[in-house]
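Per-entry structural report
In case you want the letters, here they are:
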Amino acid sequence: RLGRRLCDCAETREASEYESRILGVDPHNAPQLRYPVGCERCNNTGYKGRVAIVELLPIDRELDDMIAKNMSRKDMMDYALSQGFTPM
């Protein structure tokens, strides 16, 4: 997936209670979030460029054997999840 990259004109503010809940953090210790503003460099959109958002699956020996044996995607995903893989 591609995500929009914030321009250098982005400003910082404290996360709202709702945003803190979404992020899974204590609302009383809210993190700082950046948000788009807009300037000449970004045509007043607040965004300049894109960034790739990917999920990586490390291939260990077991998973390599599963691939070589042409096992089902479901079996491989079940194994990856049991090893702590978090899918998007």
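Here goes a summary of the coordinates provided. (Residues numbered from 1 in each chain as written. Predicted model: local features only at pLDDT ≥ 70, side-chain atom pairs only at ≥ 80, totals over all residues. Heavy atoms only, no water.)

1. Comments concerning the packing of aromatic side chains
Evaluated as defined, the whole model comprises zero aromatic pairs. Positioned over the ring face of Y47 is R4, at 3.8 Å from the centre of the ring. (Phe/Tyr/Trp six-rings, centres within 6.5 Å; stacked < 30°, edge-to-face > 60°. Lys NZ or Arg CZ within 6 Å of the ring centre and 35° of its normal.)

2. Some remarks on the environment of P27
Within the fold, P27 resides in the loop between α1 (17-23) and β3 (32-35). Spatially, the C-alpha atom of P27 lies 47 Å from that of N70, the residues being 43 residues apart in sequence. In this structure P27 touches E17 and S20, once residues within four positions along its chain are discounted. (Helix = DSSP H or I, 4+ residues; strand = E, 2+ residues; numbered from the N terminus. Contact = heavy atoms within 4.5 Å.)

3. Side note on helix α3 (residues 73-82)
Where α3 is concerned, the buried positions are M76, Y79 and A80. For α3, the angular spread of buried residues about the axis comes to 100 degrees, placing them on one side. More than 90 degrees from the buried face of α3, the exposed residues found are K74 and S82. Each element contacted by the buried residues of α3 is listed here: α2 (61-68). (Buried < 20%, exposed > 50% of the residue type's maximum accessible area, 1.4 Å probe, protein only. Arc of directions from axis to C-beta.)

4. Some details on the environment of R21
Within the element layout of this structure, R21 appears in helix α1. In this structure R21 comes out as exposed when scored by relative accessible area, which is 53%. As for R21 and G46, which are separated by 25 residues in sequence, their C-alpha atoms are 25 Å apart.

5. Brief notes about the pattern of salt bridges
In the structure shown here, the tally under the stated rule is four salt bridges. One salt bridge connects E19 with R13, and the closest N-O pair in it is separated by 2.9 Å. Where E17 meets R21, a salt bridge forms, and the shortest distance between an N and an O atom there is 3.6 Å. Within this pair, E17 and its partner R21 are both found in helix α1, separated by four residues, close to a single helical turn. Accessibility classification places E17 together with R21 in one group, the exposed group. (Salt bridge = Lys/Arg side-chain N within 4 Å of Asp/Glu carboxyl O.)

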